[in-house]
Amino acid sequence: QKEVEQDPGPLSVPEGAIVSLNCTYSNSAFQYFMWYRQYSRKGPELLMYTYSSGNKEDGRFTAQVDKSSKYISLFIRDSQPSDSATYLCAMSDGRTGGSYIPTFGRGTSLIVHP
Amino acid sequence: AAGVIQSPRHLIKEKRETATLKCYPIPRHDTVYWYQQGPGQDPQFLISFYEKMQSDKGSIPDRFSAQQFSDYHSELNMSSLELGDSALYFCASSREGGVEQYFGPGTRLTVT
């Protein structure tokens with residue numbers, strides 16, 4: 001079993017819908033929770049990250065972390081066709097050697113159709 | 001804004017050959033990470049460098065080596081290439097090993 005589980009989708013929604021993307025994890029030591037967006041044949045782009053439990057909002061994006069359930073979510077409001085991409089969750093238990101090393105989920109493919 | 005630069009973008013090699021991938025981090029970033037992403041897979045961490053010293057090591061094969069130079073650019077050297085090494089190789093950079101990593105566009109390596 002992978003440390004981070006993420007439904008690969010694809011998730012297809014109409015433009016304007018609220019999208020909910022989720023990940024579960026098994027390592028209770030994870031403290032940092034990140035969401036990346038990856039367009040086809042491009043590198044992952046960090047959307048936002050949170051530390052420990054709670055919510056964080058940035059424009060149309062809201063990240064939620066529930067450490068008691070080992071469950072994190074990314075909500076996208078008013079989804080646009082340009083949001084169509086693969087969304088990867090990633091987690092880190094903090095600085096190991098000299099840096100934070102994330103463990104990624106496999107990504108959820110999102111398709112927003114006009 | 002300047003981003004992470006990787007070269008080459010595409011590389012085709014034969015089995016048992018060697019390959020060198022280069023990464024130029026964002027200016028003033030001192031930490032570089034290397035990841036391997038197979039088709040439909042999540043990025044797997046290979047190795048990282050902070051201030052020119054190896055800081056963390058992941059699932060990097062012994063056939064691979066890497067280093068960070070005085071100008072903070074990094075090179076990933078891959079020898080005795082195998083078909084299974086075909087993948088996207090991403091470099092990312094951050095400041096002082098921070099959580100916010102910025103990824104480059106990747107190098108697509110195909111081993112035939």
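Refer to the preceding data block for the structure.
Throughout what follows, the structure given in this document is the object of discussion. (Residues numbered from 1 in each chain as written. Chains lettered and ligands numbered in written order. Predicted model: local features only at pLDDT ≥ 70, side-chain atom pairs only at ≥ 80, totals over all residues. Heavy atoms only, no water.)

Further remarks concern the sheet that holds strand 3 (residues 19-24) of chain B. All names here are of chain B. With antiparallel pairing, 4 strands are arranged side by side in an open sheet as 1-3-8-7. Sheet topology places strand 1 (5-7) and strand 7 (64-68) at the edges, where each strand pairs with a single neighbour. For this sheet the average axis-to-axis angle between neighbouring strands, irrespective of direction, equals 15°. Bridge analysis of strand 3 against strand 8 (residues 74-78) gives 5 bridges, and the strand direction is antiparallel. Its bridge partner lying in strand 8, Thr20 is registered against Asn77. (Pairing = 2+ DSSP bridges. Helix = DSSP H or I, 4+ residues; strand = E, 2+ residues; numbered from the N terminus. Axes fitted to C-alpha atoms, helices over the stretch in contact; angles between N-to-C directions.)

We now examine the nonpolar core. Ranked by internal contacts, the top residues of the largest apolar core, which has 24 residues, are A:Trp35, A:Ile72, A:Leu74, A:Tyr87 and A:Met91. Mapped onto this core, the elements with two or more residues apiece are strand 3 (19-25), strand 4 (32-38), strand 5 (45-51), strand 7 (61-66), strand 8 (71-76), strand 9 (85-92) and strand 11 (108-113) of chain A. Setting aside its immediate chain neighbours within four residues, A:Tyr87 contacts A:Gln6, A:Leu21, A:Tyr36, A:Arg37, A:Leu47, A:Phe61, A:Leu74, A:Ile76, A:Gly107, A:Thr108 and A:Leu110. The next biggest cluster of nonpolar side chains, apart from the first, holds 22 residues, and it includes B:Leu21, B:Phe49, B:Tyr89 and B:Cys91. (Core = buried A, V, L, I, M, F, W, Y, C linked by side-chain atoms within 4.5 Å. Buried < 20%, exposed > 50% of the residue type's maximum accessible area, 1.4 Å probe, protein only. Contact = heavy atoms within 4.5 Å.)

With that settled, consider the pairing of strand 6 (residues 54-58) of chain A. For a regular strand, side chains alternate in direction, first toward one face of the sheet and then toward the other. All names here are of chain A. Looking at chain direction, strand 6 and strand 7 are connected through 5 bridges and run antiparallel. Counted as the bridge partner of Gly54 is Val65 from strand 7. Linkage of strand 6 to strand 7, two consecutive antiparallel strands, is achieved through a turn of 2 residues, within which Gly59 is found at a positive phi near 65°.

Before going further, it helps to spend a moment on the interface of chain B and chain A. Opposite the 25 residues of chain B that make contact, chain A presents 23 residues. When chain B packs against chain A, the two sides together hide about 1900 Å² of surface, and 55% of this comes from carbon and sulfur. Between B:Asp42 and A:Lys2 there is a salt bridge; the shortest N-O distance is 3.3 Å. At the boundary of chain B and chain A, one finds 4 residue pairs in polar contact (both at pLDDT 80 or more). (Buried area = accessible area lost by both parts, 1.4 Å probe. Salt bridge = Lys/Arg side-chain N within 4 Å of Asp/Glu carboxyl O. Polar contact = N/O pair within 3.5 Å; in protein donor to acceptor, adjacent residues only side chain to side chain.)

Time to look at the environment of B:Leu81. Residues and elements named next belong to chain B. Mapping Leu81 onto the fold places it in the loop between strand 8 and strand 9 (87-94). Sequence separation between Leu81 and Thr18 is 63 residues, and the spatial gap between their C-alpha atoms is 6.2 Å. Leaving out residues up to four positions away in the same chain, Leu81 has contacts with Lys13, Glu14, Lys15, Arg16, Glu17, Thr18, Ala19, Arg63, Leu109 and Val111.

Residue placement: B:Thr31 occurs in strand 4 (residues 31-37). A distance of 2.9 Å separates the side chain of B:Thr31 from the side chain of B:Asp30, its partner in a polar contact. For B:Thr31, the contacting residues outside a window of four places in its chain are A:Ser99, B:Phe49, B:Tyr50, B:Ala92, B:Ser93, B:Ser94, B:Arg95, B:Glu96 and B:Gly97.

On to the state of the cysteines, then. Scanning all chains against the criterion turns up 2 disulfides over all chains. What pairs with A:Cys23 in a disulfide is A:Cys89, and their sulfur atoms sit 2.0 Å apart. Its torsion about the S-S bond being -105°, the disulfide of A:Cys23 and A:Cys89 is classed as left-handed. Taken as a pair, A:Cys23 in strand 3 and A:Cys89 in strand 9 lie far apart in primary sequence, 66 residues in all. According to the relative accessible area criterion, A:Cys23 is buried, its value standing at 1%. Residue B:Cys23 pairs covalently with B:Cys91 via a disulfide, S to S 1.7 Å. Between B:Cys23 and B:Cys91 the sulfur-sulfur dihedral comes to about -55°; the bridge is accordingly left-handed. One end of the pair, B:Cys23, is in strand 3; the other, B:Cys91, is in strand 9, and 68 residues separate them in sequence. (Disulfide = S-S within 2.5 Å.)

No statement about biological role is implied by the geometric values presented.
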